[in-house]
Amino acid sequence: MRELRNMKGLHPRDLTRRQRLVLAYGVGLVSIIVAFTLLYHWGMATLENRPRTIFQAFNTVIETMTTTGYGADSLWTTPAMNLFVSTMQVTGVVIGFVTLRVLVIPLFERAPLMLDDRLSVKRDHVVVAEYERDSEVLLDELEELDIDYVLVESDQEEAKRLSDEGYQAINGDPEDREDLERATIEEASMLITDAGKRTASIVLTALEANEDLRVISFTGSTRRKAALAEIGVDRSVAPHALIGRRLAEKATTPVTVDTPVDAASVTIREVLVRRGSSLHGVRIADSPLAAHPNLTLVAGWFDGELRVPPSPTDRLTPNTVLVVAGPENTLDEAANEVAGVRSPSRSPHDRIVVAGLGEGGDAALEALPERVSVTTVDESTDADPDVVGDVTEPETLREADIEVASALIVTVDDDADALLTTAMARALAPDVEILVRVTDTEKTAPAFRAGADYVLSIQQLCARLVAAEVHGERVMDPVGQIRLVRADASAFAGEALRDVRSDADREWTVVAVARNGDVRTAEETVIESGDEMFVAGSDEAIQEFERTVDTA
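Owing to the predicted nature of the structure, the values given are computational and were not obtained by experimental measurement.

The number of helices and strands found in the protein chain is 19 helices and 21 strands. Here the protein chain holds 552 residues, and 50% of them are scored as buried. Once local pairs closer than 6 in sequence are excluded, the contacts in the protein chain between residues at least 24 apart make up 66%. Entry remark: accessible area of the protein chain is about 25800 Å², with carbon and sulfur atoms responsible for 50%.

Before going further, it helps to spend a moment on a nonpolar patch on the surface. Taken together, the side chains of Val30, Val34, Leu38, Ile54 and Phe55 present a nonpolar region at the surface, about 500 Å² in accessible area. Among the elements of the structure, helix H2 (17-46) and helix H3 (54-65) are those that each provide at least two residues to the nonpolar patch. Among the structural elements, Val34 can be located in helix H2. Note on Val34: relative accessible area 45%, which makes it partly exposed.

For H3, built from 12 residues, the straight-helix expectation of 16 Å at 1.5 Å per residue is met to within 8% by its first-to-last C-alpha distance of 17 Å. Among all positions of H3, only Ala57, Thr60, Val61, Glu63, Thr64 and Met65 are buried.

What follows concerns helix H8 (residues 199-209). Structurally, the α-helix is built with 3.6 residues per turn, so residues lying three or four positions apart point the same way. Turning to H8, its buried residues are Thr199, Ile202, Val203, Thr205, Ala206, Leu207 and Ala209. Check the buried side of H8 and you find it contacts strand E1 (126-131), helix H7 (177-182), strand E4 (190-194), strand E5 (214-218) and helix H9 (225-230).

Take Gln459: it is sitting in helix H17 (residues 458-471). Residue classification places Gln459 among the buried residues on the basis of a relative accessible area of 10%. Those residues in contact with Gln459 that sit more than four places away from it in its chain are Tyr131, Arg133, Asp134, Val137, Thr439, Asp440 and Thr441.

On to the nonpolar core, then. Within the largest apolar cluster, 45 residues are counted, with the highest numbers of intra-cluster contacts made by Val128, Leu142, Ile192, Phe218, Ile352 and Ile409. Here the element with the most residues in this core is H17; it accounts for 7 residues.

The 6 strands lie next to each other as E14-E13-E12-E15-E16-E17, forming an open sheet whose pairing is parallel. One side of each edge strand has no neighbouring strand; the edge strands of this open sheet are strand E14 (387-388) and strand E17 (454-457). As paired strands, strand E12 (residues 351-355) and strand E15 (residues 407-410) are joined by 4 bridges and run parallel to one another. Its bridge partner lying in E15, Val353 is registered against Leu408. Running over the sheet, helix H15 (residues 415-428) touches E15 and strand E16 (433-438) and is turned about 175° from E16.

Another point: the packing of aromatic side chains. Counting across every chain of the model gives 3 aromatic pairs. Taking 6.2 Å as the distance between ring centres and 70° as the angle between the ring planes, the aromatic pair formed by Phe492 and Trp508 counts as edge-to-face. Taken together, the residues Phe492 in the loop between strand E18 (483-488) and helix H18 (497-501) and Trp508 in the loop between H18 and strand E19 (509-515) connect sequence positions 16 residues apart. Taken as a pair, Phe492 and Trp508 share a single burial class, namely buried. Where Trp508 meets Phe545, the ring centres are 4.9 Å apart and the plane angle is 65°; that geometry is what we call edge-to-face. A residue pair is termed long-range when its members are at least 10 positions apart, and Trp508 in the loop between H18 and E19 and Phe545 in helix H19 (residues 539-548) qualify at 37 residues. In this structure Trp508 comes out as buried when scored by relative accessible area, which is 7%. For Phe545, a relative accessible area of 1% translates into the label buried. An aromatic cluster is present here, built from Phe492, Trp508 and Phe545 joined pairwise through their rings.

Bringing the environment of Glu208 into the picture now. If you trace the backbone, Glu208 turns up in helix H8. By relative accessible area, Glu208 is classed as exposed at 59%. Residues Glu208 and Arg177, spaced 31 residues apart in sequence, show a C-alpha to C-alpha distance of 8.6 Å. Polar side-chain contacts of Glu208 include one of 3.2 Å to the side chain of Arg177.

This part is about the side chain of Asp531. Residue placement: Asp531 occurs in the loop between strand E20 (518-520) and strand E21 (532-537). Asp531 gets classed as buried once you look at its relative accessible area, which sits at 3%. Of note is the side chain of Asp531, whose polar atom sits 2.8 Å from the backbone nitrogen of Glu528. Other than its neighbours up to four places away in sequence, Asp531 contacts Asp488, Ala489, Ser490, Val513, Ala514, Arg515 and Val526.

Our next topic: the environment of His280. Tracing the sequence through the fold places His280 in the loop between strand E7 (266-273) and helix H11 (288-291). Remark: the alpha-carbon pair of His280 and Arg315, spanning 35 residues in sequence, is separated by 7.5 Å.

Counted according to the given criterion, the structure contains 20 salt bridges. For Arg547, the salt bridge is made with Glu544, and the minimal N-O distance between the two is 2.5 Å. Of the two residues, Arg547 and Glu544 both sit in helix H19, 3 residues apart, roughly one turn of that helix. Under the relative-accessibility criterion, Arg547 is labelled exposed at 59%. By sharing partners, the salt bridges in this structure join Glu130, Asp173, Glu175 and Arg198 into a single network.

Every regular strand shows the same layout, with side chains that alternate between the two sheet faces. Counting buried positions along E4 gives 5 out of 5 residues, so the element sits mostly inside the fold. Neither face of E4 is exposed, since Met190, Ile192 and Asp194 on one face and Leu191 and Thr193 on the opposite face are all buried. Alignment of E1 against E4, held across 5 bridges, turns out to be parallel. Bridging from a neighbouring strand, Val127 pairs with Leu191 of E4. Pairing geometry for E4 and E5, over 4 bridges, is parallel.

Rules behind the numbers
- Residues numbered from 1 in each chain as written.
- Predicted model: local features only at pLDDT ≥ 70, side-chain atom pairs only at ≥ 80, totals over all residues.
- Heavy atoms only, no water.
- Helix = DSSP H or I, 4+ residues; strand = E, 2+ residues; numbered from the N terminus.
- Buried < 20%, exposed > 50% of the residue type's maximum accessible area, 1.4 Å probe, protein only.
- Contact = heavy atoms within 4.5 Å.
- Areas by Shrake-Rupley, 256 points an atom, 1.4 Å probe, with all protein chains shown as cover.
- Patch = residues over 30% accessible without salt bridge, like charges linked within 9 Å, V, L, I, M, F, W, Y side chains within 5 Å.
- Salt bridge = Lys/Arg side-chain N within 4 Å of Asp/Glu carboxyl O.
- Expected span 1.5 Å × (residues − 1).
- Core = buried A, V, L, I, M, F, W, Y, C linked by side-chain atoms within 4.5 Å.
- Pairing = 2+ DSSP bridges.
- Axes fitted to C-alpha atoms, helices over the stretch in contact; angles between N-to-C directions.
- Phe/Tyr/Trp six-rings, centres within 6.5 Å; stacked < 30°, edge-to-face > 60°.
- Polar contact = N/O pair within 3.5 Å; in protein donor to acceptor, adjacent residues only side chain to side chain.

Laid out in structure tokens, this is it:
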């Protein structure tokens, strides 16, 4: 089904080698039949003096090429016609063999084709040279963004499985230049590699074939970044460390706002959609917070991705954090009225437990500010934790004072341990905010059911990082970049707040209008000359606002 779906609306250069072969075969067969029909029609009238209609000529050609017999036209009297009919007979036999090999046999053989035959013509594409994580998560992300790619997979069975499912995958050794050339490495624009200790060899081989490649490498440790940069890697990413830092940022910086002078009446706050909420699956446009006339949705976190502003068609999930702006009292009331939604602590967490001191846990510790009181837990004494023990055991969590902690960051290596730790912590401390890292994307939902408030998946993170590099998509921007500024509103005089906010092309949004000491947030408010407005957005969005809007 994937292959049929992918063939719809394709340009000829996008067809796979096999699809081009079948197309050429069909065009050739039709051409031969048409030519034989015209020649037979002419020969019967001119050489045999027994004219036939074009349809009779067509029927005789089909009878001859399929060896089903002739009927009234035989025997032919002239040598030329006999020779011509003999040629048609031989041609029919040859076409029969070709049809058998090209169309019939491949339908019944289990592995009849070179996987290369299924590749479409490539240019300015991405070559993925080994991917030690879940390949399908990455490839689905690339296909969703319509990014052309080839995966070079050293495991023959895995390559065959992915190719059978319609992915652009071939079996080969990415350290072998010939195998990279099968993926058209010389025409590629980017190389992505996730091959552990083989990374250096793969990168050097690829750059030898195409020195203009942009190279992204996933690595297990930040300690290898300098060496990878030395051999030509443009960006190396340690996913475990990146997620550890992100969880630490999420725990300690709910939202950071540059508050203008006299802006006390306008507040920006995160509202977390918790597990079990009735809002799951609801579109942003249909949510109570979006529909509130005095509140404005500034941004939203969707599974770790920041969207400024969120699209009205985005759907709320258990991992959604909405950044909402408006009058403080109104915001508090709205958040409290929504069932299943919890507004995180207004002040950053000051007592945090970090469970697991691997690459991710160490990165989380580095990202936590000095003012935060941190208790670390790990089974290994080599990691020098504050508490040595199994974090899935209640005694260990109690020793780490989980009951009085404001947040728990779970970065243990095993997903099963992460889920059990989450459930145990939730049972011991119902109010603690739990932020969890999982390796398998499929474990995200179970983590929420276990009691997590926020979950990030290694596999999904890697896929989105690739999307960010290839497609320019914003991924994992720190929420601290959201700013609130006050500016002259005269440029929008005569427009209602509803209309100003509805422009989907802008990444900044107008939160409120200040007039005669009052702050007005209602959508029907019409902006007047002399009003001031509060504008919210990311750093880049605010800079764009200041460049393009006359606020003098």
